[in-house]
Amino acid sequence: MWNKALIFSFLAVFIFAVSASAQSTIKIGFGGPLSGPQTEIGKKALSGVQLAVAEANAKGGILGKKLEVIPADDEGKSEGAVNAANSLIKKEVVGVVGHWNSACSFPASEVYAEKNIAMITYASTNPKLTERGLKNIFRTYGRDDEHGRINGEFIVNTLKKKSVAILHDKGAYGKMMAEITGQTVKKLGGEVVIFDGITSGEKDFRAILTKIKSLNPEVLFYGGYYSDFGLILKQAGELGAKWNFVSVGGTYDPELIKIAGEGAEGAFIQAISLDAVKDQPSFKRFLQAFNDKYKTDPDLWAAIAYENADILISGIKKAGSTDSKKIIDAIKSFKDYQGTLGPVTFNEKGDIMAPLLSMFQVQHGKFVPYISGLK
Amino acid sequence: MFLQQVINGVILGFIYSTLAMGMTMVFGITQVIHFSHGEVFMIGSFVGVGAAVLFTESGYFGGNILLILVVTLALAMMGAALLGLLVDRTCYRPIRRSPRINSLVSAIGSSIFIQQAAILTLGSKFRIFPFLFPKGQFNILGSMVSYAQLSIVIVSLFLMIIFSIFLKYTRMGKALQTVAENQKIAGLLGINVNKFIALTFLIVSAMAGATGVLTGSYYGSVDFFVGFMAGLKAFTSMILGGVGNVTGAVLGGLVIGVAETLIGGYISNDNKDILVFLLLIIILVFRPTGLLGERIAERT
């Protein structure tokens, strides 16, 4: 009898201890590519989120609890994103910073929506993402239709070029960028001489580049990411191409110039510009903190993911609760919240009102702002 | 433009060929689809990029590019050969007498293992491979051929020829062919089968390592994913050429390379992969054993 009571009380203490430990931290999810060809991007972004959480914990956490980052690898694929999202929900995260690819953010956001968990994407640009009436999704990055329109106008109105060759990597992001840019070029009286896709991860793009060379366009526009575009620039240079190159935020990475070498000279890349905010005190402080912690500079994704994590943490603080619905309402109610990169206000759909967009040109192996603050 | 595209394709084809040759050799001797051959190639590239960066940046060999290329090739071949031997010893040899499906799983497993190990130890970042070829290009009938492309063809051809001579005219090569023909009888004849299989892995892995250096330097960037892509294309080339047939693998690689480029250049780059594999299926429908394949079914 006494023994039984002892066992029960042990059991009770044990269960209490387990449940207490399960709730002693507030869990923030991170979704992004932590394996596959985009691993590096995912890891950098994750380090941004971890920094934001470490800083919040250093100040004593929020609501009397410490914060914890739960990373989930979406492998850069839609299937992976569903698994990642489910694993985050199982681990009871209160909000998610993610995902990177649009192709991942779509299915993942549906999974989060079922549990009404806030998701703030740090890079997905597909316009439809916030057009589906989901209440739980936020975006701090400019949308493709904006980017695409601005690209098309830049090519026709600013560069004064008419004939454009368009390539993309067949991914949701790259293809949409390419399509909208192409439509804008046509609308403004330009001509799209070729519209074709490449296979991401391949190393040899000479076949399509040789073909484009025979079509003799004035501009090559590329929709996709830096690893492929770097090789395209390099090989186009070797084939003696004399076109202007224009591309989008996914290719904005110093690695691009390392891969392409001299081939990158003169290329125009439209991106959210860290250079545009480099004198802003909030950004300077972030830069310093990131350098202290990781001994390396943050990239764009790390900065935006950091800002997103900060927004999420402030949202939890403002909601005064870990109730996911209250957190969503709190984030929605932000008016000119002072984010790391600028004021943050979300519209009805969850899109940030003022994304930072700039056009850069590669000059002497560096991205140099060409036009800041495109509208 | 047509000639230029064919040249583009042939260069690509030579890269596939050298790898397919190795894969098909391994199959001929052990009946294992050596999936991790692509990863051996990737590790060769990484050893190469490490050596090449060290030599070019710290000014070894007086900055003599040719000398650096030769030493880099040698080191990468050694590194790749070691890895190849290790894969055979740990993943294939212990299950040599098990059903073939086991070694297939083992092959895929080792491929994933090496790729993930590379991510964890070497990082997922790109490495920039220094350019180790003579700079510049020349003109053939209005098409540009760079010295780098020429070098790839020369080195690949050189390796292929040396390998064929070894197989056909040396005692060891003949013994190797006997092992491929029938392991049991070869064993009865006093040939140390495991030793010869190891020798095969040594040779083909060294070739893959050399290819890793050439392609790495040619394209200028190396990452952990290159092995997977190259392995897939080499596998396809091997099937197309006829599994187990060395000449077939070379032919298969060239056909895939040129077909890929011509389809990409003339029809649609977007649907290139679909069309290349459609072509592959059509060829296999009419020639189920590949272009030069023998009928393996009879032998096994």
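Scroll up a little and you will see the structure.
1. What to know about the overall build of chain B
Thinking step 1. Helix and strand counts for chain B stand at 12 helices and 4 strands.
Thinking step 2. For chain B, the C-alpha radius of gyration of 19 Å lies close to 19 Å, the compact-globule estimate for 300 residues.
Thinking step 3. In terms of its C-alpha atoms, chain B occupies a principal-axis envelope of roughly 55 × 45 × 40 Å.
Thinking step 4. Counting only residues that meet the buried cut, chain B has 49% of its 300 residues in that class.
Thinking step 5. A sequence separation of at least 24 residues applies to 76% of the contacts in chain B between residues at least 6 apart.

2. Comments concerning the interface of chain A and chain B
Thinking step 1. The interface of chain A with chain B comprises 27 residues on the first partner and 27 residues on the second.
Thinking step 2. Here the element with the most residues in the side of chain A that touches chain B is helix H7 (residues 206-215) of chain A; it accounts for 6 residues.

3. Observations concerning the pairing of strand S8 (residues 219-223) of chain A
Residue and element names in this part refer to chain A.
Thinking step 1. The buried fraction of S8 is high, at 5 of 5 residues.
Thinking step 2. Covered by surrounding structure in S8 are Val 219, Phe 221 and Gly 223 together with Leu 220 and Tyr 222, the residues of both alternating faces.
Thinking step 3. Examined bridge by bridge, strand S6 (residues 163-168) and S8 share 5 bridges and lie parallel to one another. Each bridged residue has a counterpart across the sheet, and for Ile 166 the counterpart in S8 is Phe 221.
Thinking step 4. Taken together, the 4 bridges between S8 and strand S9 (residues 244-247) define a ladder with parallel strand orientation. Counterpart to Leu 220 in the pairing with S9 is Phe 245.
Thinking step 5. As a crossover connection, the stretch from S8 through helix H8 (residues 226-238) into S9 is right-handed.

4. What to know about unusual backbone geometry
Residues and elements named next belong to chain A.
Thinking step 1. With an omega of -5°, the peptide bond running from Gly 98 to His 99 counts as cis.
Thinking step 2. With respect to the helices and strands, His 99 occurs in the loop between strand S3 (95-97) and helix H4 (102-114).
Thinking step 3. Positive phi is not limited to glycine here, since Lys 160 has a value of about 60°.
Thinking step 4. Within the secondary structure, Lys 160 sits in the loop between helix H5 (144-158) and S6.
Thinking step 5. Classification of Lys 160 as exposed rests on a count of 8 C-beta atoms within 10 Å.

5. Considering the sheet that holds strand S1 (residues 25-32) of chain A
Strands pair in a sheet through their backbones, by hydrogen bonds, and they do so in one of two ways: parallel or antiparallel.
Residues and elements named next belong to chain A.
Thinking step 1. Across the sheet, which stays open at both edges, the 5 strands sit in the order S2-S1-S3-S4-S5 with parallel pairing between neighbours. Lying at the two open borders of the sheet, with one neighbouring strand each, are strand S2 (66-73) and strand S5 (137-139). Each strand of the sheet is rotated relative to its neighbour by a mean of 25°, with strand direction disregarded.
Thinking step 2. Both S1 and S2 contribute to a ladder of 8 bridges, which runs parallel. Residue pairing in the sheet places Lys 27 in a bridge with Glu 68 of S2.
Thinking step 3. Where helix H2 (residues 39-58) meets the sheet, it contacts S1, S2 and S3, and its direction lies at approximately 170° from that of S2.
Thinking step 4. Strands in contact with helix H3 (residues 78-90) are S1, S2 and S3; relative to S2, the strand with the most contacts, it is inclined by about 155°.

Analysis parameters
- Residues numbered from 1 in each chain as written.
- Chains lettered and ligands numbered in written order.
- Predicted model: local features only at pLDDT ≥ 70, side-chain atom pairs only at ≥ 80, totals over all residues.
- Helix = DSSP H or I, 4+ residues; strand = E, 2+ residues; numbered from the N terminus.
- Rg over C-alpha atoms; globule rule 2.2 N^0.38 Å.
- Buried ≥ 20, exposed ≤ 12 C-beta atoms within 10 Å, placed from the backbone.
- Contact = placed C-beta atoms within 7 Å.
- Pairing = 2+ DSSP bridges.
- Right-handed = clockwise from strand over helix to strand, strands pointing away.
- Axes fitted to C-alpha atoms, helices over the stretch in contact; angles between N-to-C directions.

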